[in-house]
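Coordinate analysis (summary)
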Amino acid sequence: MNVFYNREGIGDVLMVLLKEGERHHQSVERTGDVAIVKSADGEVNGYNLFQASQHVDVTGWNGPVELTVELVEQLQSILNDNGIEEDFSWVDVTPKFVVGYVESAVKHPDADKLSICQVQIDQGTVQIVCGAPNVATGQKVVVAKPGAVMPTGLIIRPSALRGESSHGMICSARELNLPNAPQEKGILVLDDEYEVGTAFKIGR
């Protein structure tokens, strides 16, 4: 699940994305303040909650909204109140941007500019293929996990690069939209004081 709110851009509407679908092959059903967005085969892709500020506290929201247990429970209750049976018990509310530790970084056998990294995060060790020239074993870095929404709106998905699986992205300061981020290529290397697995606050 990904949630978005941008009052200036689209009005007082909270967009709840469950999965991506073809925009031109979607249908919309309205019930109360909720629009149900369905794919051509009838599967629910998401919901749009109109007059969102009357249902949830939208203070400070502008773009992707951080998921919390409280927000997910509120959304499920709102849908139920509008006659929609929905169960969000499957939703992952763990942080999507976390401090990681590069346990190893070896050159990709089929791509000189790529490295295959084993990175420890909050949910164990994952493999991430990274194209940054400065990635190295022993670094503490910022990892965008699958499901993370970057400041640009890009949603991180599991992927494969030149035949090697990649489960997340090791980020640069510029990709995280941090103040005074350097423009040259390279991941953000954190000080040792950061604790592996903890959430990392990004810019929006």
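About the criteria used
- Residues numbered from 1 in each chain as written.
- Predicted model: local features only at pLDDT ≥ 70, side-chain atom pairs only at ≥ 80, totals over all residues.
- Heavy atoms only, no water.
- UniProt positions renumbered as here; feature names shortened; annotations may be inferred.
- Helix = DSSP H or I, 4+ residues; strand = E, 2+ residues; numbered from the N terminus.
- Domains from an automatic or database assignment.
- Contact = heavy atoms within 4.5 Å.
- Buried area = accessible area lost by both parts, 1.4 Å probe.
- Salt bridge = Lys/Arg side-chain N within 4 Å of Asp/Glu carboxyl O.
- Polar contact = N/O pair within 3.5 Å; in protein donor to acceptor, adjacent residues only side chain to side chain.
- Buried < 20%, exposed > 50% of the residue type's maximum accessible area, 1.4 Å probe, protein only.
- Pairing = 2+ DSSP bridges.

1. Let's talk about the UniProt feature "domain: TRNA-binding" (unreviewed entry) in the protein chain
The positions that UniProt labels "domain: TRNA-binding" (unreviewed entry) are, in the present scheme, residues 91–201. Taken as a whole, residues 91–201 contains 0% helix and 41% strand, while its terminal C-alpha atoms sit 21 Å from one another.

2. Points about the domain arrangement of the protein chain
Each assigned domain of the protein chain is listed with its residue range as follows: domain 1 (1–80) and domain 2 (95–197). Using only C-alpha atoms to locate each centre, domain 1 and domain 2 end up separated by 29 Å. Every contact between the two is made by 5 residues of domain 1 and, on the other side, 4 residues of domain 2. Of the roughly 400 Å² buried between domain 1 and domain 2, counting both surfaces, carbon and sulfur atoms make up 54%. It is Asn2, Glu20 and Pro64 that lose the most area in domain 1 upon contact with domain 2, and together they represent 75% of the buried surface on that side. Taken together, the links from domain 1 to domain 2 amount to 0 salt bridges. Across the domain 1-domain 2 interface, the total number found is 0 residue pairs in polar contact (both at pLDDT 80 or more).

3. Thoughts on the pairing of strand β10 (residues 140–144)
Within β10, 5 of the 5 residues are buried, which leaves the element mostly enclosed by the surrounding structure. On β10, burial covers both faces: Lys140, Val142 and Ala144 on one face and Val141 and Val143 on the other are all buried. For strand β7 (residues 97–108) and β10, the ladder comprises 5 bridges, and the chain directions are antiparallel. Pairing of Gly100 across the sheet is with Val141, part of β10.

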